[in-house]
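So the chains spell out like this:
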Amino acid sequence: MSDRTVTVMSIPFDLWGQRGWASAEVAGESYYRDAIRGLFGARLKSDGSEIAVSALLLPEPQNRHDRNAVGVWVGGVKVGYLPRDAAIRYAPLLTGLVARGWTPQVGARVWGSEWNPGEFSGTVRLDLAEPHMIMPANQPPQETHRLLPVGAAIQVTGEEHHLDSLAAWLRPEGECWVHATLHEITEQSARSSRTVAEVRIDGVRVGQLTPRMSGEVLPAVRHLTERGLVACARAVVKGNRIKTEVIVYAVRAHELPESWLSGPVEVAPSAAPVPPGAPVSSAAPMPSGASVPSAASVPSAAETAVLRAPVGLTTVPIVAPAPPPVPAPPVAAEGRAHDVRETGLSSLNAAPAARSSQRPAGPRLNPPPNWPAPPPGWSPQPGWTPDPAWGPPPPGWQLWIEPVSDPDLPRPSGTIARTWRGWAPAAVADEYQRHYETEVMPHLARLPGFRGARLLRRPEGDEVAFTSITFFDGMAAVRAFAGDDPARAVVEEAARRVLSRWDATVTHDEVAVDVVPG
């Protein structure tokens, strides 16, 4: 296979488990610097740009250096490889998909900068789940069905009554994806009845949704039932033989686009279902919504998280929003950041040397524990970059601290506090916080006028309430981030998949007093 170009002759399949943020590293990018530079064209800014793309993961079993090698391709050109230790774990699964006529692909973020002509630096990060989570552990339903688009987490209840049935889906890794189906049932008690959504895996009941959440999805279930279809959804089974949880990831009925409501049906595959308890890697189940791969059986884009490339002889398109600027170092942040487009999906840990050039003399370096301490009185000179041999700082580490001339005095007025609230099911609340810490903060830290952030959390019944407070140098900086309607909350798809609900608007307050302890 040539390293220069590739064309797609099979059906693209989006690997499961994508969360909307890219954090998996790619190896060997320096060998493909020209290819990465070419992805930006004239859009590359001197202080750095970032684009969102789809990346193909193509095994290279004939690679003379490593038979487990997995090449990473973007826009028809190779940009690197999965790291060797990761390729060993992913290659068997990806090879199985390719053998069945599918092209594995994931979302990715490409960051690049060119400080001087010919001095280009670029990194690629992938939205890639752990190997056991990139494909479902069972086949799609045998009935004609429709797969609900991925949405926020919905906790299933009553699993404790179905532990024997769920035992078949327990995995050594502690969790796995499955196809689940949703069905409308009526529960009758001595005095009343209620309608809820029952959850089944391979036709076996494993629990139900609460009445409130049933009301959010049952209109979609009824819509499909009227068309003779079964409602299918992605779900995660996690736990052990004494405590097992099922979490459905599906959009609420009111969030369904018209294109999905009138879209094509899906036919059950002719292949036999995966035996319960069989490892995903050995079974290599067929992707959802397909029978035998053919040019006529391409799932619609609404069925998958990132499926964009059409079937046939094509190259994978680059989906490139306007790249954000990369400013000088952030003023002291509190270690967390705001709600999700309050995401930049690039990592501070990645390529620290390339991302920390042109630091002004004002902020003070705060070296992480794995870096050598600077000499007393030392301050970085323009153009200084850390030694790559030091390694990346820990996730969330604040590298630069704003000097305060008099710690007993409050900071100048004019700072704006932007406050937003969202709620996540308790079972997945840590996932939201982890995303907030490791992916959101690096993006906010690069925004002009960003002054810091705090994320608060509080348990509220079966949910966890999050309060995000971000600080900006006035409303002009807020508008540069949030757009012409700064009161509107910016919540991207990655957050919607974890949160159960959120405020549609934010509040803005001027910081009157901000006392820094001496």
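Just so it is clear, the structure is predicted and the values come from calculations on it, not from any experiment.

When you go through the protein chain residue by residue, the secondary structure sums to ten helices and 21 strands. Relative to its 518 residues, the protein chain shows a buried fraction of 52%. Sequence separation of 24 or more characterises 76% of the internal contacts of the protein chain that already satisfy a separation of 6 or more. Surface exposure of the protein chain reaches about 22600 Å², of which carbon and sulfur atoms provide 54%.

Let's shift gears to the nonpolar core. One finds L15, L57, L82, L126, L128 and I134 to be the most contacted residues of the largest nonpolar core, which totals 60 residues. The biggest single contributor to this core is helix α2 (residues 84-99), with seven residues. With residues up to four places along the chain from it excluded, the contact list for I134 reads F13, L15, W16, Y90, L93, L94, L128 and A129. If you look at the next biggest cluster of nonpolar residues, it comprises 33 residues, including M213, A220, A231 and A253.

In the structure shown here, the tally under the stated rule is eight aromatic pairs. Joined through ring pairs, the aromatic side chains of W16, W177 and Y249 make up one cluster. Cation over ring: R234 sits above W16, and NZ or CZ is 4.9 Å from the ring centre. Above the ring of W423, the side-chain terminus of R501 is found at 4.2 Å from the ring centroid.

Looking now at the pattern of salt bridges. Scanning the entire structure with this criterion turns up 16 salt bridges. Among the salt bridges present, the one from E198 reaches R205, with a minimum N-O distance of 2.5 Å. R212 serves as the salt-bridge partner of E463, at 4.0 Å between the closest nitrogen and oxygen. On the criterion of sequence distance, the pair formed by E463 in strand β19 (residues 463-472) and R212 in helix α4 (residues 211-226) is long-range, its members being 251 residues apart. Judged by its relative accessible area of 8%, E463 falls in the buried class. Each of E198, R200 and R205 takes part in salt bridges that share partners, so that together they form one network.

Polar side-chain contacts of E463 include one of 2.7 Å to the side chain of S500. Engagement of the side chain of E463 in a polar contact is seen with the side chain of R501, the distance being 3.0 Å. Sequence-distant contacts of E463, defined by excluding residues within four places in its chain, comprise R212, W423, A424, P425, A426, R458, S500 and R501.

The terminal C-alpha atoms of helix α8 (residues 429-445) lie 23 Å apart, and with 17 residues this matches the ideal 24 Å at 1.5 Å per residue to within 8%. Y436 marks where α8 bends most, by close to 35 degrees. In terms of burial, α8 is a largely internal element, 13 of the 17 residues being buried.

All right, on to helix α1 (residues 33-40) then. Among the residues of α1, I36, L39 and F40 are the ones counted as buried. Burial along α1 is one-sided: seen end-on, the buried residues are contained in an arc of 105 degrees. Structural note: α1 exposes D34 and G38 on the side pointing more than 90 degrees away from its buried face. Where α1 is buried, its residues meet β3 (49-59), β4 (70-74), β5 (77-81), β6 (102-114) and β7 (120-126). In the segment just after α1, G41 is the residue with positive phi, at about 60 degrees.

This brings us to the side chain of D127. Its location among the elements puts D127 in the loop between β7 and β8 (145-147). Buried charge D127 goes without a salt bridge, the closest partner of opposite sign being R497 at 5.1 Å.

Calculation criteria
Residues numbered from 1 in each chain as written. Predicted model: local features only at pLDDT ≥ 70, side-chain atom pairs only at ≥ 80, totals over all residues. Heavy atoms only, no water. Helix = DSSP H or I, 4+ residues; strand = E, 2+ residues; numbered from the N terminus. Buried < 20%, exposed > 50% of the residue type's maximum accessible area, 1.4 Å probe, protein only. Contact = heavy atoms within 4.5 Å. Areas by Shrake-Rupley, 256 points an atom, 1.4 Å probe, with all protein chains shown as cover. Core = buried A, V, L, I, M, F, W, Y, C linked by side-chain atoms within 4.5 Å. Phe/Tyr/Trp six-rings, centres within 6.5 Å; stacked < 30°, edge-to-face > 60°. Lys NZ or Arg CZ within 6 Å of the ring centre and 35° of its normal. Salt bridge = Lys/Arg side-chain N within 4 Å of Asp/Glu carboxyl O. Polar contact = N/O pair within 3.5 Å; in protein donor to acceptor, adjacent residues only side chain to side chain. Expected span 1.5 Å × (residues − 1). Bend = angle between axes of the 7 residues up to and from the residue. Arc of directions from axis to C-beta. Lys, Arg positive; Asp, Glu negative; His and termini not counted.

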